[in-house]
Amino acid sequence: MIHNNDFKYDLKFGQVKEQELADIFNSKTVEVKRCTGAIYNVFVEYECRGKKSGISTSQADYYCFAFKNTFALIETQALKIKCRKYINTDKDTVGGDRNKPNTKGILLPITEILWSSET
């Protein structure tokens, strides 16, 4: 966004974003994932015990990653696109809560959720 010193412009922009958020919470589903130990990556589960799970089976419109004092909201479809590029790389790993050896997922860099303008 280009900086603008006009309060009316900033107010209008803020109101548009407030309405977008209200629309999400009023008519969309949100799956919340608690990320207590995340510093650089979040673990996005896609398989458990040999069956699809997590993001592979989610019906939610949005994923919300809950950090200590911050929430990061992303459309589920956009999250899937971001994760797919890491399939069969060093970011495609086992782990999750308590490093379960039978759970597969993607270690997605937090920056891809917070600062990426792609998808």
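Everything below is about the structure shown above.
What counts and how
Residues numbered from 1 in each chain as written. Predicted model: local features only at pLDDT ≥ 70, side-chain atom pairs only at ≥ 80, totals over all residues. Heavy atoms only, no water. Helix = DSSP H or I, 4+ residues; strand = E, 2+ residues; numbered from the N terminus. Contact = heavy atoms within 4.5 Å. Areas by Shrake-Rupley, 256 points an atom, 1.4 Å probe, with all protein chains shown as cover. Buried < 20%, exposed > 50% of the residue type's maximum accessible area, 1.4 Å probe, protein only. Core = buried A, V, L, I, M, F, W, Y, C linked by side-chain atoms within 4.5 Å. Phe/Tyr/Trp six-rings, centres within 6.5 Å; stacked < 30°, edge-to-face > 60°.

Along its length, the protein chain carries three helices and seven strands. Along the protein chain, from the amino end to the carboxyl end, the secondary structure elements read α-β-β-β-β-β-α-β-β-α. Look at the contacts in the protein chain between residues 6 or more apart in sequence, and 60% of them connect residues 24 or more apart. When the accessible surface of the protein chain is totalled, it reaches about 8700 Å², and 51% of it is carbon and sulfur.

Before going further, it helps to examine the environment of Ala66. In this fold, Ala66 is placed in strand 4 (residues 62-66). Of the residues examined, Ala66 reaches a relative accessible area of 12% and is grouped as buried. Sequence separation of Ala66 and Arg34 is 32 residues, and the distance between their C-alpha atoms is 4.7 Å. Residues in contact with Ala66, not counting those within four places in the same chain, are Val32, Lys33, Arg34, Cys35 and Phe71.

Now for the nonpolar core. Within soluble globular proteins, side chains that are nonpolar tend to cluster in buried spots. Val42, Val44, Phe65, Leu79 and Leu108 are the most contacted members of the largest nonpolar core, which totals 18 residues. Elements with a contribution of two residues or more to this core: strand 2 (41-48), strand 4, strand 5 (71-75), helix 2 (76-84), strand 7 (100-109) and helix 3 (110-114). Leaving out residues up to four positions away in the same chain, Leu108 has contacts with Tyr40, Asn41, Val42, Val44, Leu79, Lys82, Cys83, Tyr86 and Ile113.

Our next topic: the packing of aromatic side chains. Given two aromatic rings, one states the distance between the centres and the angle between the planes to describe the pair. Tallying each qualifying case throughout the model produces one aromatic pair. Judged by centre distance (6.0 Å) and plane angle (40°), the ring pair of Tyr63 and Phe65 falls under tilted. We classify Tyr63 as buried; its relative accessible area is 3%.

What follows covers unusual backbone geometry. Residues apart from glycine generally show negative phi values, whereas peptide bonds are mostly found in trans. In this structure, Arg49 takes a positive phi of about 55° despite not being glycine. Looking at the element boundaries, Arg49 is found in the loop between strand 2 and strand 3 (51-52). For Arg49, a relative accessible area of 66% translates into the label exposed. In this structure, Asn88 takes a positive phi of about 65° despite not being glycine. Note on placement: Asn88 falls in the loop between helix 2 and strand 6 (92-95). With relative accessibility at 71%, the residue Asn88 sits in the exposed group.

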